[in-house]
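# Reading the structure
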Amino acid sequence: MRNRYLDLLRFLAIVRVVVYHVTGWATLTLVFPAMSVMFALAGSLMAASLARSGPAAVGRRLRRLLPSLWVLAVIFVPAMLLTGLPFSSRVLLWLFPIADPPANHWGALALSVIWYLRDYLWFVLASPVAYWLFRRAPLPTLLAPYLLLVAIEAGIYPAPPVLREFGLYFGAWLLGFAHHAGMLRRLTGRVLYPVALTLAVGGGAWIVAHPGPRGYDLNDNHLGNALWSAAFILIVLGRAPAGIAWLGRSRLADRVVTVVNRRALTIYLWHMPFVVALTPLVDVVGWSHQDPVGLAVRVLLVFALVGLVTLAVGWVEDLAARRPPQLVPGGRSRPAGPAGESVGRAVVPAQRVAGEVATVEVSAGRS
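Here goes a summary of the coordinates provided. Small disclaimer: the values here were computed from a predicted structure and weren't measured.

In terms of regular secondary structure, the protein is built from 17 helices and zero strands. Residues classed as buried in the protein amount to 47% of the 367 residues present. When contacts within the protein are restricted to residue pairs at least 6 apart in sequence, long-range pairs at least 24 apart make up 72% of them. Of the roughly 18,100 Å² of accessible surface on the protein, 70% is carried by carbon and sulfur atoms.

In C-alpha cells, the structure reads:
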C-alpha cells in the first residue's frame, strides 16, 4: 500500500520546485527545502528496496531513473549538436550521467536540473555500502556527510564537486534511511524538537552571516542548506501523521497528487526548458515578472506546457516501473470479483494475496 503522506510531500516538493524556478523567490527555499525533502523521500524508498531485495535494488532504481532522461536526451542532444555543441565521447554522459553531461549555451540553462539526476545516481550507487554501515552504526553514518560538509566549508578539505554534493544532500538521503528504519518516529519530543531547533538556528545563523548573490537562498549556501533542511526533515518525517484521510475525501485532489507522483521525474526534467523558453516570450507581450499578474501567467503557462509534455511522454515512467502505460495515471482500478479473483485475470488464491500484501513496504513509488 502507498503512504499518501509521503506522496503529498513529494507533490508539494515538485510544485515548489517549479514555482521557484518561474518566480525566483528565495523565500520558498526556506519555507520548503524541496530538494532535500525529495532526497530524503528517495533515501527512504531506497532503504526499503535494499531491505527487500539487497544490492539488486540498485539496478531496479536505475531502471526507474534513466529512461525518462533518455527521452529528454533524444530530443535535446541532437538540437544542441546542431546549434554549437561539439561532438565528443562526453555526449555519452547523457546515457549515464555520473558527471555533468555536456551542453551548449542554451542547453546549459534549459537542462540545468540534470544535476539532480547526477547526484541521485551517485547516491543510488553508494547506497548498498551506506545501508550496511547505517545498520551497524546509525548515528556515525548519519553524521558523516554533515562533518564532511563542515570540513569542506571550513577549507580543511578541498573536496571535488561530487563529494561536496555528498556533504550537502547525502545527509538528507540517510535521514530517509532513518525514516524507513523507524528511528525518526521513535524519537521523543524531548529529543526531536531540541535537535531540530538547534539545527535550524545553526543553519539560519550561517545563512544570515553568509548571504549569497540571491540573498537568503538556500541554493547559494551549502552548509546552511544542509542544516536547515535536516531540521525540516526531522519534523516532517519524524512527526509524520498516521494517515491523511482528508486527501481521499476529495477525488480531484487525490487524483492530482497521484498523477504528480507517478510523473514526478517527467515534470522535473521538462519544466526548466519551458521556464527558459517562455521568459523572453512573455516579456515581449508585457507579462513582466515584476508584477503578480505576470508571474501568475508565467506559472500557469509553465504548468500547462509541462502537462502537455507529460501526456506525451510521461507514460515512459510507467514502462520503467513495469506498470501498464497510462495516459493519465490514477484512474479507477478494475472491479474486483470474489476473493482471490479479479475480473479478466487469472484467479490468485486469497491466502497468497494476503501474504504478499503483508510484505509490502509502506512507501510510495517503490520498485
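Right, let's talk about the packing of helix 8 (residues 161–181) against helix 11 (residues 222–238) for a bit. Between helix 8 and helix 11, the shortest axis-to-axis distance is 10 Å and the interhelical angle comes to 10°. Between helix 8 and helix 11, the angle is such that the two are roughly parallel. Across from R164, G167, L168, Y169, A172, L175 and H179 in helix 8, the residues of helix 11 making contact are H222, N225, A226, A230, I233, L234 and L237. Its residues placed into classes, the contact of helix 8 with helix 11 shows nine nonpolar, four polar and one charged.

On to the layout of surface pockets, then. Space left empty within the atom packing is revealed by a probe, the size of a water molecule, rolled over the atoms. As a volume, the second largest pocket reaches approximately 590 Å³. Elements represented by at least two residues in the lining of the second largest pocket include exactly helix 1 (4–23), helix 3 (34–53), helix 6 (114–136), helix 8, helix 11 and helix 14 (264–284). Per-element accounting of the lining of the second largest pocket gives the leading share, four residues, to helix 1. Of the residues contributing to the lining of the second largest pocket, the split by class is 13 nonpolar, 10 polar and four charged.

Right, let's get into unusual backbone geometry. In this model, R322 sits at a positive phi of 60°, which is unusual for a non-glycine residue. Position of R322 relative to the elements: it lies in the loop between helix 16 (315–320) and helix 17 (350–358). The class of R322 is exposed, set by a relative accessible area of 67%.

Applying the stated criterion to the full structure yields 11 salt bridges. The partner of E153 in a salt bridge is R164, and the shortest N-O contact between them spans 2.7 Å. Note that E153 is positioned in helix 7 (residues 138–153) and R164 in helix 8, a separation of 11 residues in sequence. Classification of R164 by relative accessible area gives partly exposed; the value is 26%. Close ionic contact of R214 with D220 constitutes a salt bridge, the shortest N to O distance being 2.7 Å. Note on D220: relative accessible area 23%, which makes it partly exposed. Through salt bridges with shared partners, a single ionic network connects R4, D7, R10 and D254.

Together, W70, L92, L95, F96, I98 and L125 make up a nonpolar patch on the protein surface, roughly 530 Å² of accessible area in all. Residue classification places F96 among the partly exposed residues on the basis of a relative accessible area of 32%.

Let's shift gears to the environment of L95. In this fold, L95 is placed in the loop between helix 4 (56–82) and helix 5 (107–110). Since its relative accessible area comes to 47%, L95 is described here as partly exposed. When the C-alpha atoms of L95 and V74 are compared, they prove to be 10.0 Å apart, with 21 residues separating the residues in sequence. Residues within four places of L95 in sequence aside, it is in contact with L66 and W70.

Next up on the list: the environment of P33. Mapped onto the fold, P33 is located in the loop between helix 2 (27–31) and helix 3. The exposure class assigned to P33 is buried, which follows from its relative accessible area of 4%. As for P33 and R16, which are separated by 17 residues in sequence, their C-alpha atoms are 8.8 Å apart. In this structure P33 touches R16, L218, W228, S229 and F232, once residues within four positions along its chain are discounted.

Relative to the helices and strands, H179 is located in helix 8. Ignoring anything within four residues of it in the chain, the contact list for H179 reads L6, S44, L184 and L237.

Let's shift gears to the packing of helix 1 against helix 3. At their nearest, the axes of helix 1 and helix 3 sit 9 Å apart, and the two run at 145° to each other. Here the hand of the crossing between helix 1 and helix 3 comes out left-handed. Residues L6, L9, R10, A13, I14, R16 and V17 of helix 1 touch helix 3, and the partners they reach there are A34, M35, M38, L41 and L45. Here the contact of helix 1 with helix 3 is composed, by residue class, of 10 nonpolar, no polar and two charged.

With that settled, the discussion passes to empty space enclosed by the protein. Enumeration according to the criterion identifies one cavity of 30 Å³ or more in this entry. The computed volume of the largest cavity comes to approximately 450 Å³. Considering the residues around the largest cavity, the lining is formed by 22 residues, among which R10, Y120, A264, L265 and E317 are closest to the centre. Top element by residues in the lining of the largest cavity is helix 3. It accounts for four residues.

Each value, and the rule that gives it
- Numbering of residues begins from 1 in every chain and follows the order in which that chain's sequence is written.
- Only residues with pLDDT of 70 or above have their local features reported here, since the model is predicted, and side-chain atom pairs are shown and tallied only from 80 upward, although totals for entire chains, interfaces and linings are computed over all residues.
- Hydrogen atoms and water are omitted, and side-chain values are computed over all heavy atoms in the structure.
- A run of H or I in DSSP counts as a helix once it spans at least four residues, and a run of E counts as a strand once it spans at least two, with each numbered from the N terminus.
- Between buried and exposed lies partly exposed: a residue is buried under 20% and exposed over 50% of the maximum accessible area for its type, with that area taken using a 1.4 Å probe on protein chains only.
- Any two residues whose heavy atoms approach within 4.5 Å are treated as being in contact.
- Per-residue accessibility takes into account occlusion by the displayed protein chains alone, with areas from the Shrake-Rupley method and a 1.4 Å probe.
- Structural elements are reduced to axes, namely lines fitted to C-alpha atoms, with helices fitted over the stretch in contact, and the angle between N-to-C directions of any two is expressed from 0 to 180 degrees.
- The labels follow the angle: roughly parallel below 35 degrees, roughly antiparallel above 145, roughly perpendicular from 65 to 115, and oblique for the rest.
- Three residue categories are used. Nonpolar comprises Ala, Val, Leu, Ile, Met, Phe, Trp, Tyr, Cys and Pro, charged comprises Asp, Glu, Lys and Arg, and polar comprises the others, including Gly.
- Cavity: a set of points on a 1 Å grid over the protein atoms alone where a 1.4 Å probe fits but cannot get out. Pocket: an open set with protein on both sides within 12 Å along at least five of seven lines, its lining residues, like those of a cavity, having an atom within 4 Å of a point.
- Grid points are joined across faces, edges and corners, and a volume is the space filled by probe spheres set on the points.
- Whenever Lys or Arg places a side-chain nitrogen within 4 Å of a carboxyl oxygen from Asp or Glu, that contact is recorded as a salt bridge.
- Think of a patch as exposed residues, more than 30% relative accessible area, with no salt bridge, where like charges cluster within 9 Å and nonpolar side chains (Val, Leu, Ile, Met, Phe, Trp, Tyr) cluster within 5 Å.
- Note on convention: the crossing is left-handed when the near helix lies turned anticlockwise from the far helix by less than a right angle, right-handed when the turn is clockwise.

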